[in-house]
Amino acid sequence: MISVIVPMYNREKTIAKTLESIYTSDYKNFEVIIVDDGSKDNSIEVVKKFPINKIIKMPSNRGAGAARNRGAEEAKGETLLFIDSDVIINKDTIRKIAESDADITVGTYSSKSLYKNPFSVYKAWFLHLSHQLVSARFWTGCGAIKKSVFKDFKFDESEKDNEDTELGIRLMKNGYKIKV
């Protein structure tokens, strides 16, 4: 089983599309854990329209790393899949992660932007290529890690902006390879 952990903070405008993409997966053996990191908007009301397995409400905004760690504590799956609350995954994403024999797997951004303005098109290409070329980078837009590995590392909650790449650096220093 895959535990899909989605931390969110004030994401009422994006969380529905994220959840729609998760629930249209062609792989069905997963649970969804939403960790609300102290949202002040209507994010929770949007989330409640979906068959979420578990909603965890953090008492205050502590950051994505703390929210991801809290979700992992409740996860039942052998693999933890972290998806950001503004990311849309492909139908086969969860299946590909389930089929992977790697301890750590990351997805990459699509080279196609949903938005057609020049900046969005450029940024989509830039992010796609940079994730393809820098294969040693862990990131949680779409990042999976075996629960047995994660329990020894976890996110550094003092890191507020780069907690995912910081985790990746520690994993690599301990001999883990990250599969893209």
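None of the values given here were measured: they were computed from a predicted structure.

Caption draft 1: Seen up close, the overall build of the protein chain. For the protein chain, the helix and strand inventory stands at 7 helices and 6 strands. Sequence-ordered secondary structure for the protein chain, helices as α and strands as β, is β-α-β-α-β-α-β-α-β-α-β-α-α. At 15 Å, the protein chain has a C-alpha radius of gyration in line with the 16 Å of a compact globule built from 180 residues. Summarising its shape, the C-alpha atoms of the protein chain cover approximately 40 × 40 × 35 Å along the three principal directions. Looking at the protein chain as a whole, 48% of its 180 residues qualify as buried. For the protein chain, long-range pairs separated by at least 24 residues make up 72% of all intrachain contacts whose partners lie at least 6 apart in sequence. For the protein chain, the exposed surface amounts to about 9,600 Å²; the carbon and sulfur share of it is 50%.

Caption draft 2: Just the sheet that holds strand β1 (residues 2-8), in detail. The mixed open sheet is built from 6 strands, whose spatial order is β3-β2-β1-β4-β6-β5. With partners counted over all chains shown, the strands left at the sheet margins are β3 (54-57) and β5 (104-106), one partner each. The average angle at which neighbouring strand axes cross in this sheet is 20°, direction not considered. One ladder, built from 7 bridges, connects β1 with strand β2 (residues 30-36); its direction is parallel. Across the sheet, the residue bridging to Pro-7 is Val-35, located in β2.

Caption draft 3: Expanded view of the side chain of Asp-164. Structurally, Asp-164 can be placed in helix α7 (residues 163-173). No salt bridge is formed by the buried Asp-164. Its closest oppositely charged neighbour is Arg-68, at 5.3 Å. If near-sequence neighbours (up to four positions away) are discounted, Asp-164 is found in contact with Phe-138, Trp-139, Thr-140 and Phe-155.

Procedures and definitions
- Residues numbered from 1 in each chain as written.
- Predicted model: local features only at pLDDT ≥ 70, side-chain atom pairs only at ≥ 80, totals over all residues.
- Heavy atoms only, no water.
- Helix = DSSP H or I, 4+ residues; strand = E, 2+ residues; numbered from the N terminus.
- Rg over C-alpha atoms; globule rule 2.2 N^0.38 Å.
- Buried < 20%, exposed > 50% of the residue type's maximum accessible area, 1.4 Å probe, protein only.
- Contact = heavy atoms within 4.5 Å.
- Areas by Shrake-Rupley, 256 points an atom, 1.4 Å probe, with all protein chains shown as cover.
- Pairing = 2+ DSSP bridges.
- Axes fitted to C-alpha atoms, helices over the stretch in contact; angles between N-to-C directions.
- Lys, Arg positive; Asp, Glu negative; His and termini not counted.
- Salt bridge = Lys/Arg side-chain N within 4 Å of Asp/Glu carboxyl O.

Without other data, these values stay purely geometric and don't point to any function.
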